[in-house]
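# Structural features, examined
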Amino acid sequence: MVKWTDQERSTVRAVWEQINIDEVGPEALARVLIVYPWTERYFGSLGELFTASAVLNNAKVAAHGRVVLRALDEAVKNMDNIEDTYAALSQLHYEKLHVDPDNFRLLADCITITVACKLRSAMGPQVQATWQKFLSAVVDALQSQYH
Ligand code: HEM
């Protein structure tokens, strides 16, 4: 289980409070689909993506980006128990969606970049390090049911 200092807890909460889910969710998911185009294979139901502008203007990408970001709220609220919190979600991505587990880290990195672009100076190196530790715990939890 990941250990958190009080400062790390408050840093994660402070970053989370500044995140606009409706902006960051769609932008982060669009970014992962553009930078790592093979991730599009999992989103056959999102319609034709192919070009960057198609991805950025796709309403379903935006909607699903919000769903993913909203799910992060659960991790922020359960920092001491992220693995259990995401056990069912991990199982869904493994057994039903067949998502390659490496992709979780790719999305986590795109979330960090998107957040850093928004927060700018509020996302200094120390804050980024703590935020990445948090997302790394999320990634580990989402991979936990893969076997
Ligand atoms: C569905 C969260 C990463 C592909 C979902 C759902 C949530 C979620 C909450 C909806 C589950 C439901 O309907 O019960 C997350 C989180 C991620 C993550 C928190 C990492 C931070 C990924 C990645 C991929 C992916 C990296 C693929 C590259 C999908 C697909 C669905 C889905 C294809 C089903 C979409 C649909 O048909 O509605 N995810 N996900 N997810 N996720 Fe993820």
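In the block above lies the structure referred to throughout.
Attention in this report is confined to the structure presented alongside it. (Residues numbered from 1 in each chain as written. Predicted model: local features only at pLDDT ≥ 70, side-chain atom pairs only at ≥ 80, totals over all residues. Heavy atoms only, no water.)

The next subject is the overall build of the chain. Helix and strand counts for the chain stand at eight helices and zero strands. When the elements of the chain are put in sequence order from the N terminus, they spell out α-α-α-α-α-α-α-α. In summary, the chain has a C-alpha radius of gyration of 15 Å against a globular reference of 15 Å for 147 residues, a match within 12%. Evaluated residue by residue, the chain yields a buried proportion of 39% over its 147 residues. (Helix = DSSP H or I, 4+ residues; strand = E, 2+ residues; numbered from the N terminus. Rg over C-alpha atoms; globule rule 2.2 N^0.38 Å. Buried < 20%, exposed > 50% of the residue type's maximum accessible area, 1.4 Å probe, protein only.)

Applying the stated rule across the entire model yields six salt bridges. For Asp 80, the salt bridge goes to Arg 9, with nearest N and O atoms at 3.1 Å. One end of the pair, Asp 80, is in the loop between α4 (59–77) and α5 (82–85); the other, Arg 9, is in helix α1 (residues 6–18), and 71 residues separate them in sequence. The class of Asp 80 is partly exposed, set by a relative accessible area of 37%. (Salt bridge = Lys/Arg side-chain N within 4 Å of Asp/Glu carboxyl O.)

For a metal bound by four donors in a tetrahedral arrangement, the ideal donor-metal-donor angle is 109.5 degrees, while six donors in an octahedral arrangement ideally sit at 90 or 180 degrees. Only one protein atom coordinates the iron atom of the ligand: His 93 (NE2), located 2.1 Å from the metal. Positionally, His 93 belongs in helix α6 (residues 87–96). (Donors = N, O, S within 2.8 Å, 3.2 Å for Na, K, Ca; no water.)

This paragraph deals with the site of the ligand. Residues in contact with the ligand amount to 16 residues; listed here are only the nearest, Tyr 42, His 64, His 93, Asn 103 and Leu 142. One nitrogen or oxygen atom from the side chain of His 64 is found 3.5 Å from a nitrogen atom belonging to the ligand. Between His 93 and the ligand, the recorded distance is 2.9 Å, taken from a side-chain N or O atom to a nitrogen atom. The element best represented in the shell around the ligand is α4, accounting for four residues. Classifying every residue of the shell around the ligand gives twelve nonpolar, four polar and no charged. (Near = heavy atom within 4 Å. Polar contact = N/O pair within 3.5 Å; in protein donor to acceptor, adjacent residues only side chain to side chain. Nonpolar A, V, L, I, M, F, W, Y, C, P; charged D, E, K, R; others polar.)

Counting 40 residues, the largest nonpolar core has Ile 82, Ile 111, Trp 131 and Phe 134 as the members making the most contacts within it. Mapped by element, the contributors of at least two residues to this core are α1, α2 (21–35), α4, α7 (102–119) and α8 (125–143). Sequence-distant contacts of Phe 134, that is, excluding residues within four places in its chain, are made with Trp 4, Val 12, Leu 72, Ala 75, Val 76, Met 79 and Ile 82. (Core = buried A, V, L, I, M, F, W, Y, C linked by side-chain atoms within 4.5 Å. Contact = heavy atoms within 4.5 Å.)

Okay, the packing of α2 against α7 next. Put simply, α2 and α7 touch, their axes get as near as 8 Å, and they point 130 degrees apart. The angle between α2 and α7 falls in the class oblique. Our pair here, α2 against α7, has a crossing hand that is right-handed. Between α2 and α7, the contacting residues are Glu 23, Val 24, Glu 27, Ala 28, Leu 29, Arg 31 and Val 32 on the first element and Leu 106, Leu 107, Cys 110, Ile 111, Ile 113, Thr 114, Val 115, Cys 117 and Lys 118 on the second. When the residues that make up the contact of α2 with α7 are grouped by side-chain class, the tally is eleven nonpolar, one polar and four charged. (Axes fitted to C-alpha atoms, helices over the stretch in contact; angles between N-to-C directions. Parallel < 35°, antiparallel > 145°, perpendicular 65-115°, else oblique. Left-handed = near helix turned anticlockwise from the far one by under 90°.)

The full count for this structure, using the stated rule, is four aromatic pairs. Taken together, the ring pairs connect Tyr 94, Phe 104 and Tyr 146 into an aromatic cluster. Arg 41 extends its terminal NZ or CZ atom over the ring of Tyr 42, reaching a point 5.1 Å from the ring centre. We note Lys 133 situated over the ring of Trp 4; from NZ or CZ to the ring centre the distance is 4.9 Å. (Phe/Tyr/Trp six-rings, centres within 6.5 Å; stacked < 30°, edge-to-face > 60°. Lys NZ or Arg CZ within 6 Å of the ring centre and 35° of its normal.)

Inspection of the entire model under this criterion finds zero disulfides. Between Cys 110, a free cysteine, and Cys 117, which holds the nearest cysteine sulfur, the sulfur-to-sulfur gap is 10 Å. Residue Cys 110 is classed as buried on the basis of its relative accessible area of 3%. (Disulfide = S-S within 2.5 Å.)

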